[in-house]
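Structure assessment
Here are the chains, one letter per residue:
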Amino acid sequence: KQKIPAVLYGRGEDPIHITLPGHDTMLALRQANALLSINLPGAEEKLALPKQVQRHPVRNTIEHVDLLIVRRGERVIVAVPVVLTGEPVDDVLVNQDLTELNGSAEATSIPAPIEGSIEGLEIGAQVLAGDVALPEGVELQDDPDSLIVSINPAIAVETMLETGEEEEAGEVEETEEQDEESAAE
């Protein structure tokens, strides 16, 4: 069975090098901010948050994990994914500037992805970090005025094609004029 090397550190303790079961670790790390329970031989159970996951560049398999020791009741700052829900009005372009928000939460109550609604939003509408409803016990650590989403007018593909064709036609005319001047010399 595949084993994944890891280092467990934090809380003023010396780093502990361990190996984790490959399949179980891979499944646990699919969830953002997974809280792992690590049982060490001859020691008490440790709770840990993954801080860095190194993956193979081609196979995308996990090669190493850095785990930060946390305690129950301790507040930690984590990046929580923002998932957009709902549909804006028709013919708009949705620009999502932030895909994560930094929040402070109790180590054992880290929120799942946060939902931000864009239902019915019209051109010019914006959703700021301070507008998103955070789960109970989570405090926003980012600037409340940070832009998450903006709703902009959609540019029709036909308009882009027409503009592109006109520019190309103008370039062709200039080239023909230059050729005529060169031939006259």
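Residues numbered from 1 in each chain as written. Predicted model: local features only at pLDDT ≥ 70, side-chain atom pairs only at ≥ 80, totals over all residues. Heavy atoms only, no water.

Turning next to the overall build of the chain. Broken down by element type, the chain carries 2 helices and 12 strands. Looking at the 185 residues of the chain, the share that counts as buried comes to 29%. Within the structure as shown, the chain displays about 12,300 Å² of accessible surface, and the carbon and sulfur contribution to it stands at 47%. (Helix = DSSP H or I, 4+ residues; strand = E, 2+ residues; numbered from the N terminus. Buried < 20%, exposed > 50% of the residue type's maximum accessible area, 1.4 Å probe, protein only. Areas by Shrake-Rupley, 256 points an atom, 1.4 Å probe, with all protein chains shown as cover.)

Let's shift gears to the confidence of the model for the chain. Confidence in the prediction of the chain, expressed as mean pLDDT, is 85, and 84% of residues score 70 or more. Looking over the chain, one finds the lowest element-wise mean pLDDT in helix α2 (residues 157–184), namely 53, and the highest in strand β10 (residues 126–128), namely 95. (pLDDT = per-residue confidence, 0-100.)

Take the sheet that holds β10 next. Taken together, 3 strands build an open sheet; the order of strands is β7-β12-β10 and the sheet is antiparallel. Edge positions in the sheet fall to β7 (92–96) and β10, since each has one partner strand and no second. Strand-to-strand twist in this sheet, taken as the mean axis angle between neighbours without regard to direction, amounts to 10°. The sheet contact formed by β7 and strand β12 (residues 147–153) spans 5 bridges and is antiparallel. Note that in β12 the partner of glutamine 96 across the bridge is valine 149. (Pairing = 2+ DSSP bridges. Axes fitted to C-alpha atoms, helices over the stretch in contact; angles between N-to-C directions.)

Grouped together as the largest cluster of nonpolar side chains are 20 residues, with contacts concentrated most on Val76 and Ile148. Elements with a contribution of two residues or more to this core: β4 (46–55), β6 (75–85) and β12. A per-element tally of this core places β6 first, with 4 residues. Ranked by size, the runner-up nonpolar core spans 15 residues in total, among them Leu20, Leu40, Ile62 and Val65. (Core = buried A, V, L, I, M, F, W, Y, C linked by side-chain atoms within 4.5 Å.)

Quick look at the sheet that holds strand β5 (residues 62–70) now. Strand order across the open sheet formed by 5 strands is β2-β1-β5-β4-β3, with mixed pairing between neighbours. Strands with a single pairing partner mark the edges of an open sheet, and in this sheet they are β2 (13–21) and β3 (36–38). In this sheet, neighbouring strand axes are inclined to one another by 40° on average, regardless of whether the strands run parallel or antiparallel. Pairing of β4 with β5 involves 8 bridges; the strand directions are antiparallel. Residue pairing across strands places glutamine 54 opposite histidine 64, the latter belonging to β5.

Attention shifts here to the pattern of salt bridges. It is possible for side chains bearing opposite charge to pair when their charged atoms get close. In this structure the tally under the stated criterion is 4 salt bridges. Close ionic contact of glutamate 45 with arginine 72 constitutes a salt bridge, the shortest N to O distance being 3.7 Å. Of this pair, glutamate 45 sits in the loop between β3 and β4 while arginine 72 is found in the loop between β5 and β6, placing the two residues 27 residues apart along the sequence. Judged by its relative accessible area of 39%, glutamate 45 is partly exposed. The partner of glutamate 139 in a salt bridge is arginine 75, and the shortest N-O contact between them spans 3.8 Å. Taken together, the residues span a long stretch of sequence, with glutamate 139 in strand β11 (residues 139–140) and arginine 75 in strand β6 at a distance of 64 residues. (Salt bridge = Lys/Arg side-chain N within 4 Å of Asp/Glu carboxyl O.)

This part is about the pairing of strand β9 (residues 114–117). Side chains Ile114 and Gly116 of β9 all project onto a buried face; the interleaved residues Glu115 and Ser117 project onto a face where none is buried. Pairing geometry for β6 and β9, over 4 bridges, is parallel. Across the sheet, the residue bridging to valine 82 is isoleucine 114, located in β9.

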